[in-house]
Amino acid sequence: MAQFKRKSLMLSSGKQIKMTGTALCILPSLEIGEGFTNNIFGVNEAIGENQKAIVTLTNPYQLSPADVQEIALLHIRYWLDLIDAVGEFGTKDATIFRKKE
């Protein structure tokens, strides 16, 4: 399973995604990036000749379908862990949060 280590997202395929921060996000468009950018897996749109839109895939880490699914599973795991922690500790206790690595 994917995991964060020293500002990097480590995938089981051996790929390592260097992070500038600590926020890995999925946008409503399903693009993946840091914050609200699509710098990990997304789409770029530009206006080409004849004012036609040119749409290209952004995949600088050459992620495979399995890599993208692994990142999605990591996010699902975090949400499920949050649900469990809120059930156990409520929302008034700081122990709900994991210690940062």
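No experiment lies behind these values; they were computed from the predicted model shown.

Reading the values: rules and limits
Residues numbered from 1 in each chain as written. Predicted model: local features only at pLDDT ≥ 70, side-chain atom pairs only at ≥ 80, totals over all residues. Heavy atoms only, no water. Patch = residues over 30% accessible without salt bridge, like charges linked within 9 Å, V, L, I, M, F, W, Y side chains within 5 Å. Areas by Shrake-Rupley, 256 points an atom, 1.4 Å probe, with all protein chains shown as cover. Salt bridge = Lys/Arg side-chain N within 4 Å of Asp/Glu carboxyl O. Helix = DSSP H or I, 4+ residues; strand = E, 2+ residues; numbered from the N terminus. 1 Å grid on protein atoms, 1.4 Å probe; cavity = no way out; pocket = protein on both sides within 12 Å on 5 of 7 lines; lining within 4 Å. Points joined across faces, edges and corners; volume = space filled by probe spheres on them. Nonpolar A, V, L, I, M, F, W, Y, C, P; charged D, E, K, R; others polar. Pairing = 2+ DSSP bridges. Buried < 20%, exposed > 50% of the residue type's maximum accessible area, 1.4 Å probe, protein only. Expected span 1.5 Å × (residues − 1).

Participant: Sorry, what's going on with a nonpolar patch on the surface here?
Facilitator: Side chains of Leu73, Ile76, Leu80 and Ile83 sit close together on the surface and give an oily, nonpolar patch of about 380 Å² of accessible area. With respect to the element layout, Leu73 can be found in helix H1 (residues 65-89).

Participant: Looking at this structure, how should I read the layout of surface pockets?
Facilitator: One simple way to see leftover space: roll a probe sized like a water molecule over the atoms. For the second largest pocket, the calculated volume is near 190 Å³. Counting residues per element, the ones that place at least two in the lining of the second largest pocket are strand E4 (24-26) and H1. Among the elements that take part in the lining of the second largest pocket, H1 stands out by supplying five residues, more than any other. Looking at side-chain class alone, the lining of the second largest pocket contains nine nonpolar, one polar and no charged residues.

Participant: Can you help me understand the pairing of strand E7 (residues 53-58) in this one?
Facilitator: Side-chain positions along a regular strand alternate between the two faces of the sheet. With six bridges joining them, strand E6 (residues 42-47) and E7 adopt antiparallel strand pairing. Paired with Ala46 across the bridge in E7 is Ile54. Linking two consecutive strands that pair antiparallel, namely E6 and E7, is a turn of five residues; a positive phi of about 60° is found at Asn50 within it.

Participant: What is the right way to look at unusual backbone geometry in this model?
Facilitator: Leave glycine aside and you will find that most residues have negative phi; peptide bonds, for their part, are mostly trans. Positive phi outside glycine occurs at Arg6, with the angle close to 45°. Within the element layout of this structure, Arg6 appears in the loop between strand E1 (3-5) and strand E2 (8-10). Note on Arg6: relative accessible area 82%, which makes it exposed.

Participant: Even after reading the chapter, I still don't get H1, so can you show me in this structure?
Facilitator: Working note: α-helix, 3.6 residues per turn, so residues spaced by three or four point in the same direction. Helix length check: H1 (25 residues) gives 36 Å between terminal C-alpha atoms against 36 Å at 1.5 Å per residue, within 8%. The complete set of buried residues in H1 reads Asp67, Val68, Glu70, Ile71, Leu74, His75 and Ala85. Of the residues flanking the end of H1, it is Gly90, one or two places downstream, whose phi is positive at about 75°.

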